[in-house]
Every structure is written in structure tokens, then in C-alpha cells.
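Here's the letter readout for the chains.
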Amino acid sequence: MAMMGMHFGHDAGVALTEAGGYRVIEAERRLGLRHVCGGNGDFPQAAAEWLAELRERAASPVTGIAVADWYTPVCQVLPPALVELVNEDARWTATGGTGLADAVTRVIKPLDWPLAKGFGDITLTAVRHHYAHAALAYYTSGARKALVLALDGTGNYAECGMVCLGDGDQLTPVMSFTNRTGPRFGLVYEALARRVHGSQFDTGKLLGLTATGETDAALLPVLRAMLVPQSTRRASPDLYEQLDEDRLTGTALRYADTWWEYDPHSGGYLDAGLADSSDDDVVHSFGSVFPDEIRTVDGRSTPVGTSPDARICRDLAATLQNAVERDLTSLVAGLSRRFPSYATLCYAGGCALNITANSRLAECAQFTRVSIPTCCDDSGIALGAALAVADPADRPALLGRSGWASLAYAGPPLAGLDTADGDDAAQVDGLRRRLGGLGLSLHRPAGDEEFVQAVADLLADRRCVAWLEGGLETGPRALGHRSLLVSAHWSGARRYVSQTIKHREWFRPVAPICPEEVADQYFTGPLDHTETMLFAVRVRPEGARQLAEARHIDGTARLQTVRPDAHPLLHRLCHAVAARTELPVLINTSANGGGRPLLNHLDEALELLTDTELDAVVLPERRLIVE
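Residues numbered from 1 in each chain as written. Predicted model: local features only at pLDDT ≥ 70, side-chain atom pairs only at ≥ 80, totals over all residues. Heavy atoms only, no water.

Trainee: Whenever I open this one, the packing of helix α5 (residues 185-197) against helix α10 (residues 311-338) confuses me. Can you help?
Mentor: Relative orientation and spacing of two packed helices are given, respectively, by the angle between their axes and the distance between those axes. Where α5 contacts α10, the axes come no closer than 11 Å and their chain directions differ by 170°. When the interaxial angle is binned, α5 and α10 end up roughly antiparallel. Of α10, the residues touching α5 (which contributes F185, V188, Y189, L192 and V196) are C313, L316, A317, L320, Q321, V324, D327, L328 and L331. Split into classes, the residues belonging to the contact of α5 with α10 amount to 12 nonpolar, one polar and one charged. (Axes fitted to C-alpha atoms, helices over the stretch in contact; angles between N-to-C directions. Helix = DSSP H or I, 4+ residues; strand = E, 2+ residues; numbered from the N terminus. Parallel < 35°, antiparallel > 145°, perpendicular 65-115°, else oblique. Contact = heavy atoms within 4.5 Å. Nonpolar A, V, L, I, M, F, W, Y, C, P; charged D, E, K, R; others polar.)

Structure below.
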């Protein structure tokens, strides 16, 4: 049997899980809008088509649909029973306590739900937002026993996270976190990102900016009190480090014309004033607005800027990152002590995209493995909901080191490639004629070796290629299936691919790709966690000059290691480039234009080729090179 999942909030989508694998359709990549939600006008019709598409692709009958409980009210195709559950059932909205296990999945009626038409007699199940995150992390990890942590900005009810215990086929929730008490890692990070870059979804940009600033020792305790107030730290001393009151007394935050003094009772700033406020007000206050000015214990008042070029914004970014890393590692260490004997940590939610913090977790010696799914943010919620309620037989077994790839590349194949009926030769001829009309040429090397050598020649000649192979990546990272590649050996490579072609900000990091077997010659850090670009490593000091184009300002790198069994042609390409440049490292960034989702149609790739400085589109499965 097969199970489908749906998510109606931002980063909306649909997904399918069955014994043979996963299929994921992210709405933004079909509708062309980043982080699109179910309230988009095109979503209702498109969602019905996506569900029909997955049902047709399923190898077995679809017996149920799971819907995540976080949604946007303007969505026109919400199940009425879901809306009723979230807004009227007090048992469902419980956060923590002994009733949590009864408030993570609930069978609801599919009555008056247009999207249920055509499915016949199905079971419709609501799944709590953070439980869907946790289910995705655990059931796609291959672990049979794990501590599972989900952390993000917010779901419903001001909830911002959940802790579960995974044992065999069972996933049991044991703790819930809310933004009323913290940890507010996601919300405060979103607030500063909105302040500096203009959007709550620019947390990735803010993470890149952290490397350009320095930690301010006076600001650090203030930000840590914003993340986790002292009252919470006192109540759970095994999870959070208590702050020095002498470094907080007299500090304050200014929002517009109002100063909020540090409140020793709550141990925070807005906390006392929001005690009786609604959940929505709590989330808005911490996540939508960052202070306009901060007064520190030394009496200094620091106005907060609004530009990434402002020194205070860069220092605030660095200080906030320091605060998040310190309190996150303390929390995880405390959870490990509370729930001992779990050697694996499965981690998901938007906070799991913070790769430098992830590396701290991987290196903290609490766990032998930290497993993070590629679509750990809300783009994976639809699949997480499906996995949460699926029969164990409908969850693919993950075997061997390449088990992660079944999720990482669970998106649809590249569309628009088959341009004519008939055999492969006829299709290639049709594509060649089409390209000729655009002033482009098509080259098809005779075999794998000639193909790899031809692409290596382009890269060694300081050219940039779009490498488009297999199923689309799930989540925000391009992992060698929808990637722009350039060799790291020449000065100016970073600027060429990141700024000239993609028009990205100067401080944004790029990501190196390197064969796994030689990675330790160039990098140090958690190299056993680097196949999915969700952990940061450090460039070896002796290689800093050679890898100047691939390393970030702080000496770190968002490395992806590749192996011949998982990426045979890409692995060979790295070595072929090394034969020409003496460096087996490529720079990788996502194949998309500025502000657009990862492309997944040949027309989009050709548009990028003709409208930017991109030099070639490479289609490895067909051994085709378009210039």
C-alpha cells in the first residue's frame, strides 16, 4: 500500500511513501515562487494535479492521506475537519505534559474536502507539525534507535519544537517546546534576518553574514536571554546554562518608542508583557520584529542597523550565531543525559539548516551520528506527515551508505528533455534542431570517458556548466543533480558563478564538491557527515591559498563529498579536472536564477544559458553538452 502527505503552509507540497521509495513534489518548483504556500491562487488546481500524478506513479493503491496541521487560513482547499481540529479541540492544542502522545496524529473526516474526490474510501489523518518533522528525520535515517529533535521558528500554538524517542517502528513524543518559554532559536534568527535582509526566509543569508562579523561580549548575554529566558534556564538547569545576572541587570531592548527593561522575574524582556497574550502575538513579537536598539550592561546603547553592510548587523549576526550554538549544544547535551543510551541524533526543522551549529552537534561527542534529512525544513513536512502514519511496510528500508540518496533525489526528473517521438537518436536530433533555432549547439561525446573529459576541459578552461542529472533534490541544497559547477583552481571562480551568473550577495558562501577519498587532504571536521552539505568543515591551513575560491571568509566550507557508487560521473569529473588543474575540488551552487527555485525544466536551463554568463548545460544521463 502507499501513503500520501500534504502540507499547506509555506514551502507547501505533496509527497508519497511506499516500500519502493519516496516521491516529493515541492510547490515552489512547480509554481516558480520561493516558499509558496497553499494560499497561492494556483495552488488548489495544481495540488489536485500533483495528487493525481503521485497516485498514478504509485506502485500500489493509496490507502490514506496525511495532512500537516500547520496551514495558512487563506488556502481554499483545506479539509474542514482540519480547521475544526486546530481551532476548537483543546486536547489537540496541548503542548507538553502526559497528553502530548495523544495529540500528534488524529484521524479526521474527509467530508466536504474537494481534494479527496477520486481517491475513494481513504483514511485522512492530521499530523502535528513538529511530529511530522520528527517522523521525517527518524524514518528516513535508517536508524532503529535514536533521539529525535525538531526545532524551527514555529508551528501552531506557539510550538517551536519537539523531542521524540525512536525505537524500531515506534516514534514516541516526550517533550514539546514553545516560543513562550523558549528555546526561540528559529524565531529570533528569523527576526534578525528580516531586519537585515528583508525576509524571514533569509536566514541562510544571515548565516553567511555571520562570518563577516565578530562576537560582541556585551551583546551576547542579551541575545541569549532573548533565546531562552532565565526563568526557563532556572526551571531546566540540566538543559540550559544559567546566565550571569550581573551581565543582564540594567540591559534593555527598544522597540519603536518603548524600552523593555530586563525583568529579573521572567529573566527576559518581552516575556512578562506577553504572559497573557495570544499565541499569535507571542510568535509575532519574537519572530517578526527585532529590537531597534539594545542597551548593554556597560551602559552602551547600540542602534540596530538594517543593512548587511552595516558593521553592527554583521556583529549582531556573529553574536547571535554564537548564542544559538552555545544554547543548542547545551540543550542537546542535556537531552542526551535525560534520555541516555541513544547513540544517534535525528534532527529536523528549519533550525537544522544551520550548518555551523550542526557541526558543533556532530563534534560534541554526545552521539556517534547526527542524521539530518535534506528536506529538513518545511519542504519535507508533507513527506514527514505521510511517514508519521504510514504502515511500517510503506516506509522504504534504508540499506547501506547510499540510503540517504533515496530521499535526497526524490523529486521529479528534469522535464522538457524528450522533444520528439521515437528512439533516442530521433529525440536528440529533435533537440539539436530546437537548439539551433536558439543559436545553441549540441555535442554528444561517444561514451562516458569522452563525455567526462569534454566537461573537464570546459571546467579547466574557466567555464561554468549547469550539471542536470537524475531526480530533483529535495530541500534547498543542490547536491550534484541541479548544480552550477566551476573549477576552484582559478582566481575569480567564486565571483563568476555566484555574483556574475547568479547575482548573489558578496558574503554568501559557495560549496565545494570533492571526492570522498581525498577530502581529508584539503578539509578537517566531521567528514563522515558531508554527503548532503548540511555540515560545515574547515579548510586545512596549508590549503587555504589553493582553496581560496571555495572557502568561506571564516575558513569553513559547506563541503559535499562524492563517492563513485553514488555519483559515478561526478566523481570521475572531479578527478578529471584534477588531472588538468591539480585540484579535485569543484565549486557547486544551485542551478537557478536569483530569487528563483531550483530549476527542473530544460527550458529554464536554456533560459539561464542564454540570459546569463553560464557557458554550458550538461545532461549526464544522455551524455549531452549544450553550448
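Trainee: Which parts of the structure should I look at to understand the pattern of salt bridges?
Mentor: Should their charged atoms come close, side chains of opposite charge can pair. Following the criterion strictly, the structure yields 41 salt bridges and no others. For D238, the salt bridge is made with R338, and the minimal N-O distance between the two is 2.6 Å. Of this pair, D238 sits in the loop between α8 (230-235) and β10 (252-255) while R338 sits in helix α10, placing them 100 residues apart in sequence. Under the relative-accessibility criterion, D238 is labelled partly exposed at 30%. In this structure, the salt-bridge partner of E531 is R563, at a minimum N-O distance of 2.5 Å. A residue pair is termed long-range when its members are at least 10 positions apart, and E531 in the loop between β20 (523-524) and β21 (537-539) and R563 in the loop between β23 (560-562) and α17 (568-581) qualify at 32 residues. The burial state of E531 is the same as that of R563; both residues are buried. (Salt bridge = Lys/Arg side-chain N within 4 Å of Asp/Glu carboxyl O. Buried < 20%, exposed > 50% of the residue type's maximum accessible area, 1.4 Å probe, protein only.)

Trainee: Sorry if this is basic, but what is going on with the sheet that holds strand β6 (residues 123-127) here?
Mentor: Sheet strands associate in pairs through backbone hydrogen bonding, adopting either a parallel or an antiparallel arrangement. The strand order β3-β2-β1-β4-β6-β5 describes an open sheet built from six strands, whose pairing is mixed. Each having just a single partner strand, β3 (21-26) and β5 (105-108) make up the two edges of the open sheet. Between one strand and the next, the sheet's axes are offset by a mean angle of 20°, whatever the strand orientation. Of the pairings in the sheet, the one linking strand β2 (residues 13-18) to β3 comprises six bridges and is antiparallel in character. Across the sheet, A15 pairs through a bridge with V24, a residue of β3. (Pairing = 2+ DSSP bridges.)

Trainee: Explanation requested: the nonpolar core in the structure shown.
Mentor: Soluble globular proteins: nonpolar side chains tend toward being buried together. Ranked by internal contacts, the top residues of the largest apolar core, which has 108 residues, are F290 and Y347. Ranked by the residues each element gives to this core, the list is headed by α10, at 11 residues. Residues L431, C464, V497 and L624 belong to the second largest nonpolar core, which totals 45 residues. (Core = buried A, V, L, I, M, F, W, Y, C linked by side-chain atoms within 4.5 Å.)

Trainee: Can you walk me through helix α3 (residues 80-88) in this structure?
Mentor: An α-helical turn contains 3.6 residues, so any two residues separated by three or four positions project in the same direction. Buried residues of α3: A81, L82, L85 and V86, and no others. Seen end-on, α3 carries its buried residues on one side only, within an arc spanning 130°. Exposed residues pointing more than 90 degrees away from the buried face of α3 are listed as N87 and E88. In this fold, the buried residues of α3 make contact with β4 (62-68), β5 and β6. (Arc of directions from axis to C-beta.)

Trainee: Looking at this model, I keep getting lost on the packing of aromatic side chains. Mind explaining?
Mentor: The relation between two aromatic rings is expressed through the spacing of the ring centres and the mutual angle of the planes. The tally for this structure, following the rule as stated, stands at nine aromatic pairs. Note on F8 and F43: the rings are 6.4 Å apart at their centroids and 70° apart in plane angle, and the pair reads as edge-to-face. Residue F8 is found in the loop between β1 (2-7) and β2, and its partner F43 is found in helix α2 (residues 43-57); the two are separated by 35 residues along the sequence. By relative accessible area, F8 is classed as buried at 0%. Residue classification places F43 among the buried positions, given a relative accessible area of 0%. The structure contains a cluster of three or more aromatic residues connected by ring pairs, namely F8, F43 and W50. Here the basic side chain of R184 rests over the ring of F286, its NZ or CZ set 3.8 Å away from the ring centre. Taking the ring centre of Y139 as reference, the NZ or CZ of R395 above it sits at 3.6 Å. (Phe/Tyr/Trp six-rings, centres within 6.5 Å; stacked < 30°, edge-to-face > 60°. Lys NZ or Arg CZ within 6 Å of the ring centre and 35° of its normal.)

Trainee: Would you explain empty space enclosed by the protein in this entry?
Mentor: A water-sized probe rolled over the atoms picks out the places where empty space is left. In the structure shown here, the tally under the stated rule is two cavities of 30 Å³ or more. Of the pockets and cavities examined, the largest cavity occupies roughly 90 Å³. Forming the walls of the largest cavity are L207, G208, T210, I355, T356, P509, A536, H552, D554, T556, A557 and R558. Looking at the lining of the largest cavity, the elements with two or more residues in it are α6 (203-209), α11 (355-362) and β22 (556-557). Split into classes, the residues belonging to the lining of the largest cavity amount to five nonpolar, five polar and two charged. (1 Å grid on protein atoms, 1.4 Å probe; cavity = no way out; pocket = protein on both sides within 12 Å on 5 of 7 lines; lining within 4 Å. Points joined across faces, edges and corners; volume = space filled by probe spheres on them.)

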